[in-house]
Amino acid sequence: MKHDVVIVGGAVHGASAAYHLALAGVTDVLLVEKDPTFRFAATALSAGSIRQQFSTAINIAISLFGIAFLRTVGDRLEVDGERPEIGLKEGGYLFLATAAGAATLAANHALQVGLGADIAHLDPVGLRATFPWLATEGIAAGCFGRSGEGWFDGYALMRGLRRKAVALGAKTLTAEVAAIEHDGARATGVRLADGSRIAAGTIIVTAGPTTARLLSPLGVGLPVEAKKRMVFTFACRTPLPRFPLLIDPTGVYARPEGELYICGAAPPADRDPEAADFEVDHGFFEEAIWPVLAARVPAFEAIGPGGAWAGHYDMNLFDHNAIVGPVEGIAGLLIAVGFSGHGLQQAPAVGRGLSELVTKGRYTSLDLSPLGHDRIRGNRPLHEANVV
Ligand SMILES: Cc1cc2nc3c(=O)[nH]c(=O)nc-3n(C[C@H](O)[C@H](O)[C@H](O)COP(=O)(O)OP(=O)(O)OC[C@H]3O[C@@H](n4cnc5c(N)ncnc54)[C@H](O)[C@@H]3O)c2cc1C
């Protein structure tokens, strides 16, 4: 078997790359996915949210394209009159800062607005007027996305991208890739777990945290590790109008999800080992999340806890930003990994960028080279401060 492009990992990034390639006329694309249930894929376990409130210009530009794509997803991904429903709700993010974080919040706000994001900077009076249910003790300022930020069904986005890619001519295969084959200078194909081989002109690896393991035998070390992040649900009877995706200065977040709320937080660094399972620690909600939420939103003192799940971030330990594009030293090999918890919203722009690299040899719309692998080898971190 031989294909122009073989994509390893068929969740949202693989699907977006396949869709954009097929759209550009490259239809000899094989999308290889080991688990068609996507049970453990971050895409299926995500909090499904999009924001422009980043500290890095490239991430803001990526999400500005992301929201434009999501708003028009029905038109873009329609197949045989069926339009994917991703349930986009532009409820906004609300980042809160204490006095210690106020200058950083203001600097990030200036960057975001300068790039065209619709973000309001609010003092405590403005915060209380806009969100009367919010306790502003200890808060110096907040930034709220008036439009262009919110949440959506990431699984439905992935399904829509896959379906459209296939409708345009891409092929899918259920199989596990055991190794990337190469001749020292160039990637030549993949070997599957059953021993069979598939040759490829270009290989794109979008296999989440597994990407690092697949590249390691090629002598490529990626600073990417799986980190467990838990999402808890709860109910609150008090109506809280215009509840956004609220981010407390501690990093604890909550947002509406239908009639319920979802919430989460990163564990302290010394309790954040490489993830080995998907078990939920319910004590984390009781000890670390609920007390913070109840202090920030007094109506949350009386809540009904619900279910919970855990997924894995493909965390880039180097600078908390994605690593996208050619792998240094190995021709014909592209990657998109290390999304550090903000990768779902980046799938439209990153898939488009990967497709441009294959079809034109360079980025022609949004230049994603600041996220290139060369920054790792050259020790030039591009730190993202707003990692949720
Ligand atoms: C709890 C949680 C909350 C999140 N919240 C947000 C959010 O609000 N907003 C946001 O933008 N992002 C969020 N993210 C991050 C986002 O979900 C991910 O960045 C994104 O889904 C990554 O997509 P992916 O396609 O690169 O990887 P994945 O979704 O991890 O998919 C990788 C795929 O590769 C397959 N695979 C792996 N190895 C092989 C192999 N050897 N052969 C074949 N197939 C293979 C896997 O089965 C899997 O389907 C969150 C993540 C988690 C875990």
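Values in this document were obtained by computation on a predicted structure and should not be read as measured data.

Peer 1: Help me understand the nonpolar core, please; the structure alone is not making it clear to me.
Peer 2: Side chains of a nonpolar character, in soluble globular proteins, are inclined to be buried together. Formed by 46 residues in total, the largest nonpolar core has its most connected members in Ile7, Leu157 and Val324. Counting only elements with at least two residues in this core, the list comes to strand E1 (2-8), helix H1 (12-23), strand E2 (29-33), helix H3 (57-71), helix H4 (73-77), helix H7 (154-167), strand E18 (333-337) and helix H10 (347-360). In this structure Leu157 touches Val12, Phe69, Leu70, Val73, Leu77, Ile86 and Phe152, once residues within four positions along its chain are discounted.

Peer 1: Explanation requested: the packing of H1 against H10 in the structure shown.
Peer 2: In a pair of packed helices, the angle between the axes and the distance between the axes together describe the arrangement. For the pair H1 and H10, interaxial distance at closest approach is 8 Å and the crossing angle is 50°. The orientation of H1 with respect to H10, classified from their angle, is oblique. In this structure, the crossing between H1 and H10 has a hand that is right-handed. Between H1 and H10, the contacting residues are Val12, His13, Ser16, Ala17, His20 and Leu21 on the first element and Ala347, Pro348, Val350, Gly351, Arg352, Leu354, Ser355, Val358 and Thr359 on the second. Across the contact of H1 with H10, the residue classes break down as 8 nonpolar, 6 polar and 1 charged.

Peer 1: What is the right way to read the site of the ligand from this model?
Peer 2: For the ligand, the set of nearby residues contains 37 residues, the closest of which are Glu33, Thr43, Ser49, Val177 and Gln345. The separation between an oxygen atom of the ligand and a polar main-chain atom of Val12 is 3.3 Å. Glu33 is positioned with one of its side-chain polar atoms (N or O) 2.6 Å from an oxygen atom of the ligand. Look at the ligand: alone it shows 1,000 Å² of surface, and the protein chains cover 96% of it. Elements that contribute at least two residues to the shell around the ligand include exactly H1, E2, helix H2 (42-45), helix H8 (210-215), strand E12 (224-235) and strand E16 (304-316). Looking at the shell around the ligand element by element, the count peaks at 4 residues for E16. Residues that form the shell around the ligand fall into these classes: 17 nonpolar, 15 polar and 5 charged.

Peer 1: Please clarify how helix H5 (residues 99-114) should be interpreted in this entry.
Peer 2: Under the 1.5 Å per step criterion, the end-to-end length of H5 is 23 Å for 16 residues, consistent within 8% with the ideal 22 Å. The secondary structure elements touched by the buried residues of H5 are H3, strand E4 (93-97), strand E5 (119-122) and strand E6 (141-145).

Peer 1: What is the right way to read the state of the cysteines from this model?
Peer 2: Where two cysteines share a covalent bond between their sulfur atoms, that bond is called a disulfide. The final tally for this structure, using the stated rule, is 0 disulfides. With no disulfide partner, Cys263 has as its closest neighbouring cysteine sulfur the one in Cys236, 12 Å distant. Cys263 gets classed as buried once you look at its relative accessible area, which sits at 0%.

Peer 1: Sorry if this is basic, but what is going on with H10 here?
Peer 2: Owing to its 3.6 residues per turn, the α-helix aligns residues three or four sequence positions apart on the same side. Spanning 14 residues, H10 covers 19 Å between terminal C-alpha atoms, matching the ideal 20 Å at 1.5 Å per step. Three or more residues of H10 are buried, namely Ala347, Pro348, Ala349, Val350, Gly351, Arg352, Gly353, Leu354, Ser355, Glu356 and Leu357. Those residues of H10 that are buried are in contact with H1, H3, strand E11 (197-205), strand E17 (323-326) and E18. Two residues or fewer after H10 comes Gly361, characterised by a positive phi angle close to 80°.

Peer 1: Sorry if this is basic, but what is going on with the environment of Gly353 here?
Peer 2: As for its placement among the helices and strands, Gly353 is situated in helix H10. For the pair formed by Gly353 and Tyr363, sequence separation is 10 residues and the distance between their alpha carbons is 5.9 Å. Dropping the residues within four chain positions of it, Gly353 is found in contact with Tyr363 and Leu368.

Peer 1: Explain the layout of surface pockets to me, please; I cannot follow it from the model alone.
Peer 2: Here the idea is plain: a probe the size of a water molecule rolls over the atoms and shows the empty space left. Its volume calculated, the second largest pocket comes out at about 420 Å³. If you trace the second largest pocket, you find 22 residues lining it, with Phe95, Ile247, Asp248, Pro249 and Asn386 closest to the centre. Elements represented by at least two residues in the lining of the second largest pocket include exactly E4 and H5. Among the elements that take part in the lining of the second largest pocket, H5 stands out by supplying 6 residues, more than any other. Tallied by class, residues from the lining of the second largest pocket come to 11 nonpolar, 10 polar and 1 charged.

Peer 1: Got a minute to help me understand the pattern of salt bridges in this structure?
Peer 2: Think of it this way: side chains of opposite charge can pair up when their charged atoms draw near. Under the definition given, this model contains 14 salt bridges. Among the salt bridges present, the one from Arg146 reaches Asp118, with a minimum N-O distance of 3.0 Å. In this pair, Arg146 is assigned in the loop between E6 and strand E7 (150-151) and Asp118 in the loop between H5 and E5, connecting sequence segments 28 residues apart. Judged by its relative accessible area of 52%, Arg146 falls in the exposed class. Take Asp118: its relative accessible area is 28%, and that puts it in the partly exposed class. Across the pair Arg255 and Glu257 runs a salt bridge, and its minimum N-O distance is 2.6 Å. Arg255 sits in the buried class, given a relative accessible area of 3%. The network of salt bridges with common partners includes Asp75, Glu78 and Arg83.

Peer 1: Sorry if this is basic, but what is going on with the pairing of E18 here?
Peer 2: For E18, the tally of buried residues reaches 5 of 5 residues, placing the bulk of the element in the interior. Burial along E18 is two-sided: Leu333, Ile335 and Val337 and Leu334 and Ala336, pointing in opposite directions, are all buried. Where E11 lies against E18, 3 bridges are found, and the strand directions are parallel. Across the sheet, the residue bridging to Val205 is Ile335, located in E18. Linking E17 to E18, which pair antiparallel, is a turn of 6 residues; within it Gly329 sits at a positive phi near 90°.

Peer 1: Looking at this model, I keep getting lost on unusual backbone geometry. Mind explaining?
Peer 2: Negative phi is the rule for most residues except glycine; trans is the rule for most peptide bonds. Residues other than glycine seldom take positive phi values, yet Phe38 does so here, at roughly 55°. Looking at the secondary structure, you find Phe38 in the loop between E2 and H2. Unlike most non-glycine residues, Ser340 shows phi in positive territory, near 55°. Tracing the chain through its elements places Ser340 in the loop between E18 and H10.

Thresholds, definitions, all that
Residues numbered from 1 in each chain as written. Predicted model: local features only at pLDDT ≥ 70, side-chain atom pairs only at ≥ 80, totals over all residues. Heavy atoms only, no water. Core = buried A, V, L, I, M, F, W, Y, C linked by side-chain atoms within 4.5 Å. Buried < 20%, exposed > 50% of the residue type's maximum accessible area, 1.4 Å probe, protein only. Helix = DSSP H or I, 4+ residues; strand = E, 2+ residues; numbered from the N terminus. Contact = heavy atoms within 4.5 Å. Axes fitted to C-alpha atoms, helices over the stretch in contact; angles between N-to-C directions. Parallel < 35°, antiparallel > 145°, perpendicular 65-115°, else oblique. Left-handed = near helix turned anticlockwise from the far one by under 90°. Nonpolar A, V, L, I, M, F, W, Y, C, P; charged D, E, K, R; others polar. Near = heavy atom within 4 Å. Polar contact = N/O pair within 3.5 Å; in protein donor to acceptor, adjacent residues only side chain to side chain. Areas by Shrake-Rupley, 256 points an atom, 1.4 Å probe, with all protein chains shown as cover. Expected span 1.5 Å × (residues − 1). Disulfide = S-S within 2.5 Å. 1 Å grid on protein atoms, 1.4 Å probe; cavity = no way out; pocket = protein on both sides within 12 Å on 5 of 7 lines; lining within 4 Å. Points joined across faces, edges and corners; volume = space filled by probe spheres on them. Salt bridge = Lys/Arg side-chain N within 4 Å of Asp/Glu carboxyl O. Pairing = 2+ DSSP bridges.

By themselves, these observations are geometric and do not establish any function.
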